[in-house]
Amino acid sequence: MEYHSQRRTCLPAPCPNTSNISLWNILRNNIGKDLSKVAMPVELNEPLNTLQRLCEELEYSELLDKAARTHNLFERMVYVAAFAISAYASTYYRAGSKPFNPVLGETYECIREDKGFQFFAEQVSHHPPISACHAESDNFVFWQDIRWKNKFWGKSMEIVPIGTTHVILPAFSDHYEWNKVTSCIHNILSGQRWIEHYGEIIIKNLNDHTCHCKLTFIKAKYWNHNVHEIEGSVLDKNGKIVHRLFGKWHESIYCGTPSSPTCIWRANPMPKDYEKWYGFTQFALELNELDPVTRSMLPPTDSRFRPDQRLLEEGNIEGAEEQKQRIEQLQRDRRKVLEENNIEHQPRFFRKSADDSWVSNGTYLEMRKNLGFSKLDHSVLW
């Protein structure tokens, strides 16, 4: 694994001013509909895509490393729960823009020697859009496949994720799984957009039913100023509470009681001038970075080679819009060829498991090790 210590702390160009874009004109005919098929101008995007967003859920992977060193299974569940919550932290300043939709067959990898994990992802389906990812380290294996349903309700947009997150801790033969909660972007037609997450996450250990965890992301109420709050419990098999969790998903999570709390997780500080850089965390700023060493190891389908996303990052809005339309047309053309020949697209690095979820087929990291991507035939995605 290689990791480059001198990482960038800003983007090549600040995010564009989108105050002149009338979202109402784009969205007014789509109230109550799924927005995934509605074309949006590129300025409303951030220069990252959904595959990279999935990688952001590993920013606090050290919580899984701690879990892997914790012998008490109830305490272990506390760290796994904190990890599940931490996946939402990076969204707090990101209500203003949306990630690019990956095209079918697009991939992304993130090898972090400093954090000890290797991550890769692939867009495995276009209709419905499904993104699959897998990460592994000495301490854990993490995977999920996810698709989103977006609904526009006039003043807000609701994002409902469908899919399950899995974590295995080999040291204890634990296999945890959990669902995601609903996200909502409020004031979508005004400049003061804000995001909240609400609903319940249930974390189970499929290999040991001694304990489970319930986490509630509390929905904001207009008469209450407390927003972004979390409450949770780790329970034994009889339903008795062993640990209580509380805090805010964008700040910190505590275990214990309000009078004697122990901080389990705290969000990293935001980079300088983060408002200029789409509200990205330091981890997010690094995701689309492309250095010569990494470039030579990547398959040509990696998101970092995607020209519309790169041009947006560089501040070339006109060029980004042109490339986005060209890439979307290429995808339509490829789909037409497949349909005419009655061929179904076969993902390269993931396979469907017995329960219909997408799991790694074990080839990506092997190929990377042997510089094998250059020997493969790749579709021209862009």
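From a predicted model like this one, the values you see are computed outputs, not experimental measurements. (Residues numbered from 1 in each chain as written. Predicted model: local features only at pLDDT ≥ 70, side-chain atom pairs only at ≥ 80, totals over all residues. Heavy atoms only, no water.)

Engineer: Explain the side chain of Gln-144 residue by residue, including any values.
Structural biologist: In this structure, Gln-144 sits in strand 6 (residues 141-152). A polar contact of 2.7 Å, which involves the side chain of Gln-144, links it to the side chain of Lys-180. Sequence-distant contacts of Gln-144, defined by excluding residues within four places in its chain, comprise Leu-54, Glu-57, Ser-131, Ala-132, Cys-133, Thr-164, Thr-165 and Lys-180. (Helix = DSSP H or I, 4+ residues; strand = E, 2+ residues; numbered from the N terminus. Polar contact = N/O pair within 3.5 Å; in protein donor to acceptor, adjacent residues only side chain to side chain. Contact = heavy atoms within 4.5 Å.)

Engineer: Describe in detail the pairing of strand 12 (residues 229-236), supporting the description with residues and values.
Structural biologist: With respect to burial, strand 12 is a largely interior element, six of its eight residues being buried. Across seven bridges, strand 11 (residues 211-217) lies against strand 12 in antiparallel orientation. Following the sheet pairing, Cys-211 is matched in strand 12 by Asp-236. Of the pairings in the sheet, the one linking strand 12 to strand 13 (residues 241-248) comprises seven bridges and is antiparallel in character. Of the residues in strand 13, the one forming a bridge with Ser-233 is Arg-244. Between strand 12 and strand 13, which pair antiparallel in sequence order, lie four residues; one of them, Gly-239, sits at a positive phi of approximately 85°. (Buried < 20%, exposed > 50% of the residue type's maximum accessible area, 1.4 Å probe, protein only. Pairing = 2+ DSSP bridges.)

Engineer: Break down the pattern of salt bridges for me, with residues and values.
Structural biologist: Under the definition given, this model contains 21 salt bridges. Where Arg-53 meets Glu-46, a salt bridge forms, and the shortest distance between an N and an O atom there is 3.0 Å. Looking at Arg-53, the relative accessible area reads 22%, which means it is partly exposed. Classification of Glu-46 as buried rests on a relative accessible area of 0%. (Salt bridge = Lys/Arg side-chain N within 4 Å of Asp/Glu carboxyl O.)

Engineer: I'd like a rundown of a nonpolar patch on the surface, residues and numbers included.
Structural biologist: Residues Trp-24, Ile-31 and Leu-189 make up a contiguous nonpolar surface patch of about 270 Å² in total accessible area. Relative to the elements of secondary structure, Leu-189 occurs in the loop between strand 9 (182-186) and strand 10 (194-205). Residue Leu-189 is classed as partly exposed on the basis of its relative accessible area of 39%. (Patch = residues over 30% accessible without salt bridge, like charges linked within 9 Å, V, L, I, M, F, W, Y side chains within 5 Å. Areas by Shrake-Rupley, 256 points an atom, 1.4 Å probe, with all protein chains shown as cover.)

Engineer: Just give me the short version of helix 8 (residues 317-340), but keep the residues and values in it.
Structural biologist: In an α-helix there are 3.6 residues to a turn, and that puts residues three or four apart on one side. For helix 8, with 24 residues, the first-to-last C-alpha span of 35 Å sits near the 34 Å given by 1.5 Å per residue. Looking at the buried positions of helix 8, the neighbouring elements they touch are strand 1 (45-49), strand 2 (98-100) and helix 7 (307-313). Between the side-chain oxygen of the N-cap and the backbone nitrogen of Gly-319 there are 2.8 Å, and the N-cap of helix 8 in question is Asn-316. Following helix 8 by one or two positions, Asn-342 adopts a phi angle in the positive range, close to 55°. (Expected span 1.5 Å × (residues − 1).)

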